[in-house]
Every structure is written in C-alpha cells, then in structure tokens.
Amino acid sequence: LINIKKNDYAFFDQKMNQEIKQFTKMEAKLDQAIKNDEFIIYYQPYYRGVSKELYGMEALIRWQNPTKGLISPAEFIPILENSQLIKKVGLIVVKKVVKSIKNWLDAGYKVVPVSINLSARQLEDNNHLKDIYQIIGESGIDNSLIKFEITESSAMDDVNYSLKVMNKMKAKGFSISIDDFGTGYSSFSYLQKFPIDYLKIDISFIRNMTLSSDGKNIVESIINIAHLLNLKTIAEGVEKEIELNELNQLGNDFIQGYYFNPPMPAREIEKIYS
Ligand code: C2E
Ligand code: CA
Ligand code: CA
Ligand code: CA
C-alpha cells in the first residue's frame with residue numbers, strides 16, 4: 001500500500017463501482033427470469049459401473065434465455081448464491097423435479113431417485129429446508145426418490161450444524177451425497193459421523209486418473225476410504241471407456257458422465273425409461 005497514488009484509488013473505486021453495477025444488473029435480470037419462468041431442469045443419469053444398470057439421476061439447472069439461449073449454471077449460480085435469490089430458485093428446482101417424477105410415475109416408468117444440489121446458502125437456512133421438505137411432502141412422492149447433494153466444503157463449514165441438518169434429512173428418508181469430494185478438506189471423524197450414503201469423486205480426479213499412476217492412486221484411495229466408511233462412490237465426469245474400466249477395476253460403484261449421457265431435458269429422459 002506504499003506509493004499508491006491518489007489516481008489508483010480513484011481507478012479502483014471506479015472499477016469496483018462498475019462491478020457492483022454489473023452485478024446488480026445481472027441480479028435484476030435473474031429476478032425477472034424467475035418471474036418469466038425461464039429456468040429449466042436437465043437430468044443426467046448415472047449407472048452401476050459393472051452392470052450398467054440405471055441407478056439415479058442428477059437435476060442440473062439451466063437458464064433458457066429468450067435471446068441468449070441456454071445458459072450454464074456456472075454463469076448464474078454464483079450470482080444467485082450471493083443473494084437471497086438462490087433460495088427462490090432452489091424451491092423452483094424442487095418443484096420442477098417433483099413434477100417430473102410425478103409425470104414419470106404416472107407414465108408407469110420404473111423411476112429412479114433424483115439428486116438435487118443444495119448450495120451452502122440453502123443449507124444454512126432451516127426454514128428454507130423446511131419449505132423444501134414441505135414441497136416434497138405435499139407432492140405425495142416417496143422421500144426415498146429424492147437425494148440431496150451437499151458439497152464437501154459446505155458440509156465441513158460448520159460440522160455440528162451440518163450433522164444436525166443431515167440427521168434430519170436422513171430421518172425423513174432422503175439420501176445424502178457429498179459432492180465434489182476431494183476438493184475441500186474433510187475431517188475423517190466427521191465423514192464417519194455424517195449420516196451420508198455416497199461420495200461423489202470430483203471430476204478433476206477422474207480427468208487425471210488415466211494420465212498418471214499418481215492420479216490413479218488418488219482415485220483408488222478415495223474409493224477405499226469411502227468403502228471403509230461404508231459409503232458408495234459415484235464417479236463424476238466419466239467420458240471414456242478406459243476411465244469406466246479402470247474405475248470398475250478399482251471397485252468404484254456408480255458412473256456419471258458423457259460416456260453414458262450428458263444432462264438431458266425431461267423429454268429425453270422418457271426415452272431412457274421407455
Ligand atoms: P456439479 O454438481 O458438480 O455438477 C456436475 C457438472 O459436471 C455438471 O455441470 C455436468 O453437466 C458436468 N458433467 C457431467 N458429466 C460430465 C462429463 O463427462 N464431462 C464434463 N466435462 N462435464 C460433465 P453443469 O450442469 O454445468 O453444472 C455446474 C454446477 O452448477 C454444478 O456442479 C452445481 O454445482 C451447480 N448447479 C447445477 N444445478 C444446480 C441447482 O439446481 N442448484 C444448485 N444449488 N446448484 C446447481
Ligand atoms: Ca452435484
Ligand atoms: Ca460435483
Ligand atoms: Ca462441481
């Protein structure tokens with residue numbers, strides 16, 4: 001901070017001001033998108049690695065923008081997370097997922113559970129979680145058809161609080177996955193205490209798995225730790241047959257990724273079911 005001229009401060013202020021304006025503008029656009037019902041849910045199936053039997057699917061949101069087309073959640077989830085809007089959108093996601101499941105059940109399909117991603121902001125608000133449970137409860141679908149995905153970093157943020165939330169979820173019959181496993185810092189004693197069911201091995205480890213023996217050893221260690229803790233593993237972002245084969249050889253349980261299917265609209269999922 002030595003030797004910074006007055007102008008530099010002015011420049012910094014201006015830039016910050018611009019960023020705040022941009023952010024506020026984007027927030028207003030997202031708020032309008034909520035009102036226009038522009039968010040849609042894609043579903044990405046995941047399968048048993050060895051038998052290749054359909055096991056579940058993950059709900060992944062997209063923004064269907066009337067002028068820009070389909071917008072990736074990477075572009076707007078972080079903005080939603082910085083405001084209260086993530087909760088509004090979170091409830092929309094749950095409502096849409098529940099509706100899809102009901103449609104699939106009505107059509108007579110053998111429906112598999114759907115995983116819903118929860119942001120830290122959602123997790124920390126007990127009333128919001130109650131709203132989520134209520135929407136699912138009122139829908140009449142069985143809670144066992146819903147799984148929640150909680151990132152490793154948000155689960156470890158306040159472990160005692162997370163433990164309470166997770167115990168409540170489990171008592172209601174929901175399954176829990178730890179998302180992006182390996183990218184945060186887990187305390188093994190808490191991994192053992194958490195009433196979780198699945199570890200999702202982060203895509204970055206899957207990418208590196210076939211590139212070096214270190215990469216493979218890391219994935220093997222994650223799978224072994226999970227199994228020691230009586231958890232099942234879901235490998236994210238599997239694109240190649242060699243990755244599938246190595247994961248099967250290492251004893252991984254479930255496979256998600258472009259190798260099988262990309263995230264798809266509900267309509268496309270009907271083709272998988274029928
Ligand atoms: P995530 O939960 O880690 O989701 C996995 C991401 O990997 C998805 O990106 C998926 O499309 C992508 N993916 C799946 N298979 C492959 C593959 O074989 N190769 C590659 N390269 N990528 C693959 P997507 O759909 O863009 O979602 C990004 C993130 O946005 C998600 O990461 C999640 O953190 C967040 N997100 C998505 N939907 C929701 C939601 O409804 N609520 C919340 N809170 N967050 C969401
Ligand atoms: Ca996820
Ligand atoms: Ca993930
Ligand atoms: Ca991720």
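All residue numbers here refer to positions counted from 1 along the written sequence of the relevant chain. Chains and ligands are labelled by the order in which they are written, letters from A for the one and numbers from 1 for the other. Under the rules for a predicted model, residues below a pLDDT of 70 receive no local features and side-chain atom pairs below 80 are neither given nor counted, while totals for whole chains, interfaces and linings still include all residues. To obtain the side-chain values, all non-hydrogen atoms of the structure were included, while hydrogens and water were left out.

1. Quick word on the coordination of the calcium ion (ligand 2)
In an ideal octahedron of six donors the angles at the metal are 90 or 180 degrees, and in an ideal tetrahedron of four donors they are 109.5 degrees. Bound to the calcium ion (ligand 2) are the protein donor atoms E58 (OE), N117 (OD1), E149 (OE) and D179 (OD), situated 2.1 to 2.3 Å from the metal. Read N to C, the donor residues that coordinate the calcium ion (ligand 2) are spaced as E-x58-N-x31-E-x29-D. Here the term donor refers to an N, O or S atom within 2.8 Å of the metal (or 3.2 Å for Na, K and Ca), and because water is left out of the atoms, sites may appear incomplete. The metal-metal distance between the calcium ion (ligand 2) and the calcium ion (ligand 3) comes to 3.9 Å, with D179 coordinating both. Residue N117 is found in strand β4 (residues 114–118), and its partner D179 is found in strand β6 (residues 175–181); the two are separated by 62 residues along the sequence. Accessibility here uses a 1.4 Å probe with only protein chains present; expressed as a share of the type maximum, an area under 20% marks a residue as buried, one over 50% as exposed, and anything in between as partly exposed. Relative accessible area serves as the criterion here: at 29%, N117 is assigned to the partly exposed category. Accessibility expressed as a relative area gives 6% for D179, which makes it buried. Numbering of helices and strands runs from the N terminus; a helix is a DSSP stretch of H or I covering at least four residues, while a strand is a stretch of E covering at least two.

2. Some remarks on the packing of helix α5 (residues 126–139) against helix α7 (residues 159–171)
Viewed as axis vectors pointing N to C, α5 and α7 meet at an angle of 15°, and their least axial separation amounts to 12 Å. One finds that α5 runs roughly parallel with respect to α7. Crossing angle aside, the handedness with which α5 passes α7 is right-handed. In contact with N126, L129 and Y133 of α5, α7 contributes Y161, V165, K168 and M169. Think of each axis as a best-fit line through the C-alpha atoms, taken over the contacting stretch in the case of a helix, with angles from 0 to 180 degrees between the N-to-C directions. Between 65 and 115 degrees an angle is taken as roughly perpendicular, under 35 as roughly parallel, over 145 as roughly antiparallel, and anywhere else as oblique. Left-handed is the label given to a crossing in which the near helix is rotated counterclockwise from the far helix by less than a right angle, and right-handed is the label when the rotation is clockwise. Working rule for contacts: check all heavy atoms of both residues, and any pair within 4.5 Å makes them a contact.

3. Comments concerning helix α11 (residues 241–249)
Residues of α11 that are buried: E243, L244, E246 and L247. Residues of α11 that are buried make contact with α9 (203–209), α10 (213–228), β8 (232–235) and β9 (254–256). Positive phi shows up at G251, right after α11, with a value of about 90°.

4. Observations regarding the packing of aromatic side chains
Side-chain rings of Phe, Tyr and Trp, where Trp is taken by its six-membered ring, are said to pair if the distance between their centres is within 6.5 Å; with planes under 30 degrees apart they count as stacked, over 60 as edge-to-face, and otherwise as tilted. Following the criterion strictly, the structure yields 16 aromatic pairs and no others. With centroids separated by 5.4 Å and ring planes inclined at 50°, the aromatic side chains of F39 and F76 adopt a geometry described as tilted. A residue pair is termed long-range when its members are at least 10 positions apart, and F39 in strand β1 (residues 39–48) and F76 in helix α2 (residues 73–81) qualify at 37 residues. For the pair formed by F39 and F76, the shared burial category is buried. These aromatic residues form a ring-pair network of at least three members: Y43, W104, Y109 and Y273. In this scheme, Lys NZ or Arg CZ marks a charge over a ring once it lies within 6 Å of the ring centre and within 35 degrees of the ring normal. Above the face of the Y190 ring, K193 is positioned so that its terminal group lies 4.5 Å from the ring centre. Directly above the ring of Y46 sits K200, whose terminal nitrogen or CZ lies 5.7 Å from the centroid.

5. Considering the nonpolar core
Buried residues of nine kinds, namely Ala, Val, Leu, Ile, Met, Phe, Trp, Tyr and Cys, make up a nonpolar core once their side-chain atoms join them within 4.5 Å. Of all hydrophobic cores here, the largest spans 76 residues; its most connected members are V97, W104, F148 and M169. Among the elements that make up this core, the one with the highest residue count is helix α3 (residues 85–106) (11 residues). In this structure, M169 is in contact with L118, L123, L129, Y133, F148, I150, F174 and I176, ignoring residues within four places of it in sequence. The next biggest cluster of nonpolar side chains, apart from the first, holds five residues, and it includes Y46, Y55, Y198 and I234.

6. A short note on the coordination of the calcium ion (ligand 4)
Looking at the metal site, the calcium ion (ligand 4) is ligated by D180 (OD) and D180 (OD), spaced 2.8 to 2.9 Å from it. Between the two metal centres, the calcium ion (ligand 4) and the calcium ion (ligand 2), the spacing is 5.9 Å. Note on placement: D180 falls in strand β6.

7. Quick word on the side chain of N65
Locating N65 in the fold gives a position in strand β2 (residues 54–65). Of the polar contacts made by the side chain of N65, one reaches the backbone nitrogen of T67; its length is 2.9 Å. A polar contact of 2.9 Å, which involves the side chain of N65, links it to the backbone nitrogen of K68. When neighbours within four sequence positions are excluded, N65 is seen to be in contact with E38 and I71. Pairs of N or O atoms are called polar contacts if they sit within 3.5 Å, as long as, within protein, a hydrogen donor faces a hydrogen acceptor (for residues adjacent in sequence, only side-chain-to-side-chain pairs).

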